[in-house]
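Residue-level structural notes
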Amino acid sequence: MRADAKRNYDRIVEVAREVFREQGYDASLDEVARRAGVGPGTLYRHFPNRDALLDAIMQSWVDRVDEAADKALAHEGSPSDLLLAWCEEYVRLISLHKGGPAKITAAMGDPSSPILTKCQVLVRASDRVMDRLREEGALKDGVETLQLTRLVGGVATVADQSGLDEAAVRPLLEVVVAGLVR
């Protein structure tokens, strides 16, 4: 990529992150192009659709997922405490942008989603937590990681759309955890 094209690419991603944080994932791509100081054609040459742009934005998010799983696995306490700590981290990870929880949760398990690869990173991190709990015999029979990600994603989506803060989300996550842990 030429130096000027790389600068445009990086600027579009940076501005899109800001615009999506302010207005949600359905924000106008023309607005992103305008604020990035490029024409719509330049934006679409780099990112042929909204999901391709979203994928580029989410790359830094992916880098934080493993760190969050490590943090949750280092949590001391009961299996319920460990799973609750992971669920809280999970909500934070998918709630960085308005509309993020619904977009990410809907992509879970959808093999045609352009952000599926990024979501699989999150599922693998969740698997690490779930595998530890399985090894300890702490999970109820039949509990699958995809179920956990969808349940917690649903809680995060409700919080995102209704403006609930972390203090209001925790009791909802406690109910989810109580349903999964022996």
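So, a few notes on the structure that sits alongside this text. (Residues numbered from 1 in each chain as written. Predicted model: local features only at pLDDT ≥ 70, side-chain atom pairs only at ≥ 80, totals over all residues. Heavy atoms only, no water.)

1. Brief notes about the nonpolar core
Quick reminder of the rule: Nonpolar cores were defined as sets of buried Ala, Val, Leu, Ile, Met, Phe, Trp, Tyr and Cys residues, with membership established by side-chain atoms within 4.5 Å. Three exposure classes are used, based on accessible area relative to the maximum for each residue type with a 1.4 Å probe and protein chains only: buried under 20%, partly exposed in between, and exposed over 50%. For helices the rule is a DSSP run of H or I covering at least 4 residues; for strands it is a run of E covering at least 2, with both sets numbered from the N terminus onward. Note on contacts: a residue pair qualifies if any of its non-hydrogen atoms lie within 4.5 Å across the two residues.
Formed by 62 residues in total, the largest nonpolar core has its most connected members in Phe20, Val32, Leu53, Trp61, Leu83, Trp86 and Leu122. When residues of this core are traced back to their parent elements, those giving at least two are helix 1 (3-23), helix 2 (29-36), helix 4 (50-73), helix 5 (79-94), helix 6 (100-107), helix 7 (116-135), helix 8 (145-162) and helix 9 (166-180). With twelve residues, helix 4 is the largest single contributor of residues to this core. Setting aside chain neighbours within four positions, we find Phe20 in contact with Tyr25, Ala27, Leu29, Val32, Arg50, Leu53, Ile57, His97 and Lys98.

2. A word on a nonpolar patch on the surface
Put simply, the rule is: Nonpolar side chains (Val, Leu, Ile, Met, Phe, Trp, Tyr) are joined into patches within 5 Å and like charges within 9 Å, using only residues with over 30% relative accessible area and no salt bridge. Here, Shrake-Rupley sampling with a 1.4 Å probe gives the accessible areas, and only protein chains in the shown set may cover a residue. For this analysis, a salt bridge means a side-chain nitrogen from Lys or Arg found within 4 Å of a carboxyl oxygen belonging to Asp or Glu.
A cluster of nonpolar side chains, contributed by Val158, Leu164 and Leu172, occupies part of the molecular surface with about 220 Å² of accessible area. If you trace the backbone, Leu164 turns up in the loop between helix 8 and helix 9.

3. Quick word on the side chain of Thr105
Note the threshold: Polar contacts, as used here, are pairs of N or O atoms within 3.5 Å; protein pairs need one atom able to donate a hydrogen and one able to accept it. Residues neighboring in sequence count only if both atoms are side-chain atoms.
Tracing the sequence through the fold places Thr105 in helix 6. Here Thr105 falls in the buried class, since its relative accessible area comes to 15%. A polar atom in the side chain of Thr105 sits 2.7 Å from the backbone oxygen of Pro101. Apart from the residues within four sequence positions on either side, Thr105 is in contact with Ile94, Arg150, Gly153, Gly154 and Thr157.

4. Re the pattern of salt bridges
On inspection of all chains with the given rule, the structure shows 18 salt bridges. Across the salt bridge formed by Arg34 and Glu31, the nearest N and O atoms sit 2.8 Å from each other. Pair noted here: Arg34 and Glu31 are both in helix 2, with a separation of three residues, about one helical turn. Given the relative accessible area of 56%, Arg34 is considered exposed. Lys71 is the partner of Glu89 in a salt bridge, and the nearest nitrogen-oxygen pair spans 3.1 Å.

None of this, on its own, says anything about what the molecule does.
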